[in-house]
Amino acid sequence: MCKRAMLLPYANIIFDHDRAAALKIVHGYLDDLGIRYCGRYGEWGYLWTDESFKSGEQAAERSLSTLLVS
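What counts, and where the lines are drawn
Residues numbered from 1 in each chain as written. Predicted model: local features only at pLDDT ≥ 70, side-chain atom pairs only at ≥ 80, totals over all residues. Heavy atoms only, no water. Helix = DSSP H or I, 4+ residues; strand = E, 2+ residues; numbered from the N terminus. Rg over C-alpha atoms; globule rule 2.2 N^0.38 Å. Buried < 20%, exposed > 50% of the residue type's maximum accessible area, 1.4 Å probe, protein only. Contact = heavy atoms within 4.5 Å. Areas by Shrake-Rupley, 256 points an atom, 1.4 Å probe, with all protein chains shown as cover. Expected span 1.5 Å × (residues − 1). Arc of directions from axis to C-beta.

Draft legend 1. Region of interest: the overall build of the chain. Helix and strand content of the chain: three helices and zero strands. Mapped in sequence order, the helices and strands of the chain form the string α-α-α. Rg of the C-alpha trace for the chain: 16 Å, well past the compact-globule value of 11 Å for 70 residues, more than 25% over. Taken along its principal axes, the extent of the C-alpha atoms in the chain is 55 × 25 × 15 Å. For the chain, with 70 residues in total, the buried portion stands at 16%. Contacts in the chain between residues at least 24 apart in sequence constitute 44% of all its contacts with a sequence separation of at least 6. As displayed, the chain offers around 6200 Å² of accessible surface, 62% of which is attributable to carbon and sulfur atoms.

Given below as structure tokens:
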């Protein structure tokens, strides 16, 4: 039972039935622009701190590999 509810402007990611379709659109758009995203909010996922850090490392590696190929 909930005794106290609060509206928090920045909280956890909300998973709903539209999430997968929205994620595909947003990530596809960012990919088309060459924008790298990472972390909890960039990936739209519930990531722990170590997972967020690893996500950042992977985004940096993708960015560097793109620069080295160009």
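Draft legend 2. Broad picture of helix α1 (residues 19-33). Taking 1.5 Å per residue, 15 residues should reach 21 Å; α1 reaches 21 Å between its end C-alpha atoms and fits that length. Every buried residue belonging to α1 is among Leu23, His27 and Leu30, and all of these are buried. Each buried residue of α1 sits inside an arc of 60 degrees when the element is viewed along its axis, so together they form one side. Those residues of α1 that are exposed and aimed more than 90 degrees away from the buried face are Lys24, Ile25, Tyr29, Asp32 and Leu33. On its buried side, α1 packs onto α2 (39-42). Just past α1, the residue glycine 34 takes up positive phi, approximately 75 degrees.

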